[in-house]
Amino acid sequence: MTARHVLSFPMKEGRFNFRVAGIIIAEGHVLICREDDDDYAMLPGGRVELGEDSRLSLTREMAEELAMPAEVGPMIATSESFYRREGENFHELGFFYAVTLPGQWPNGTSPWLERQDEGHYLQFHWVPLEGGELEKFNLLPRWLPDFLRDLPTELDHIVYDERDA
C-alpha cells in the first residue's frame, strides 16, 4: 500500500491546509458535518492528498465520510482563508464543488447520518439555508452561511482573513 500524504503541514508561522468540500443542497437545506471533538461545523469534504486532483479528492472524501454514492459537479468557488484556531495560524486553500446525493434529501431526522471516519465520530445534519440555523451550528469558515444563501452564477474566489477578528 502506498503511503498517503495529506496536504496539511505545520510551518514555523502556522499551518497550511488544502481542503475540498461539497456543497450539497436539497429542498432548501444544506448538508453539514460536525466532528465529535469540534465546536464548529463544516461542509463535508477533507484534505487533498499529494498527487490527487481536487475533484478526485472530493470523490474519495465523500465515499469515506458518507459511504453512499455522490456525484461531484462543477466547482462553485475557491477560497483563501486565514484564521487562528487553538493558538495556531492557518492558511487554508479551499475548493468548493456542487455535489448531489442521488435519492437522498432532508427527512426531518437530526442528525441525518452518523458515521465513524479516521477515528472521529461524524454527525451530518441537513440545515435550512434560511434563518439562523447555520450560524447556530457555527458553520465555518464564517463567510460560508451568507455565500450558501446566495450562490454565485459563475466561479467565485473568496479571500477571507479573520485572524484579528
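First, a word on scope: everything that follows refers to the structure included in this document. All figures in this text were calculated on a predicted structure; none of them were measured in a lab.

### Side note on the overall build of the protein chain
Moving on, step 1. When helices and strands are counted, the protein chain shows three helices and ten strands.
Moving on, step 2. Ordering the α and β elements of the protein chain from the N terminus gives β-β-β-β-β-α-β-β-β-β-α-α-β.
Moving on, step 3. A globule of 165 residues ought to have a C-alpha radius of gyration of about 15 Å, and the protein chain, at 15 Å, matches this closely.
Moving on, step 4. Dimensions of the protein chain along its principal axes, counting C-alpha atoms only, are 45 × 45 × 35 Å.
Moving on, step 5. Sorting the 165 residues of the protein chain into buried and exposed places 45% on the buried side.

### Overview of empty space enclosed by the protein
Moving on, step 1. Using the criterion set out here, one finds one cavity of 30 Å³ or more in the structure.
Moving on, step 2. Its boundaries defined by the atoms lining it, the largest cavity holds a volume of some 40 Å³.
Moving on, step 3. Along the walls of the largest cavity sit Arg19, Ser79, Ser81, Glu92, Gly94, Phe96 and Pro141, which together make up its complete lining.
Moving on, step 4. The leading source of residues in the lining of the largest cavity is strand E7 (residues 88-100), at three residues.
Moving on, step 5. Partitioned by chemical class, the residues of the lining of the largest cavity number two nonpolar, three polar and two charged.

### Thoughts on the side chain of Asn17
Moving on, step 1. Among the structural elements, Asn17 can be located in strand E2 (residues 14-23).
Moving on, step 2. Engagement of the side chain of Asn17 in a polar contact is seen with the side chain of Arg47, the distance being 3.1 Å.
Moving on, step 3. Polar contacts involving the side chain of Asn17 include one to the side chain of Glu92, which spans 3.2 Å.
Moving on, step 4. The contact partners of Asn17, leaving out residues within four places of it in the chain, are Leu7, Ser8, Arg47, Tyr83, Phe90, His91, Glu92 and Leu93.

### Structural notes on the sheet that holds strand E3 (residues 25-26)
Moving on, step 1. On the basis of which strands lie adjacent, the open sheet formed by four strands has the order E3-E4-E9-E8 and antiparallel pairing. Each having just a single partner strand, E3 and strand E8 (113-117) make up the two edges of the open sheet.
Moving on, step 2. Strand direction decides the pairing type here: E8 and strand E9 (residues 120-128), joined by five bridges, are antiparallel. Across the sheet, Asp117 pairs through a bridge with His120, a residue of E9.

Analysis parameters
Residues numbered from 1 in each chain as written. Predicted model: local features only at pLDDT ≥ 70, side-chain atom pairs only at ≥ 80, totals over all residues. Heavy atoms only, no water. Helix = DSSP H or I, 4+ residues; strand = E, 2+ residues; numbered from the N terminus. Rg over C-alpha atoms; globule rule 2.2 N^0.38 Å. Buried < 20%, exposed > 50% of the residue type's maximum accessible area, 1.4 Å probe, protein only. 1 Å grid on protein atoms, 1.4 Å probe; cavity = no way out; pocket = protein on both sides within 12 Å on 5 of 7 lines; lining within 4 Å. Points joined across faces, edges and corners; volume = space filled by probe spheres on them. Nonpolar A, V, L, I, M, F, W, Y, C, P; charged D, E, K, R; others polar. Polar contact = N/O pair within 3.5 Å; in protein donor to acceptor, adjacent residues only side chain to side chain. Contact = heavy atoms within 4.5 Å. Pairing = 2+ DSSP bridges.

Scope: geometric values only; no functional claims are made or implied.
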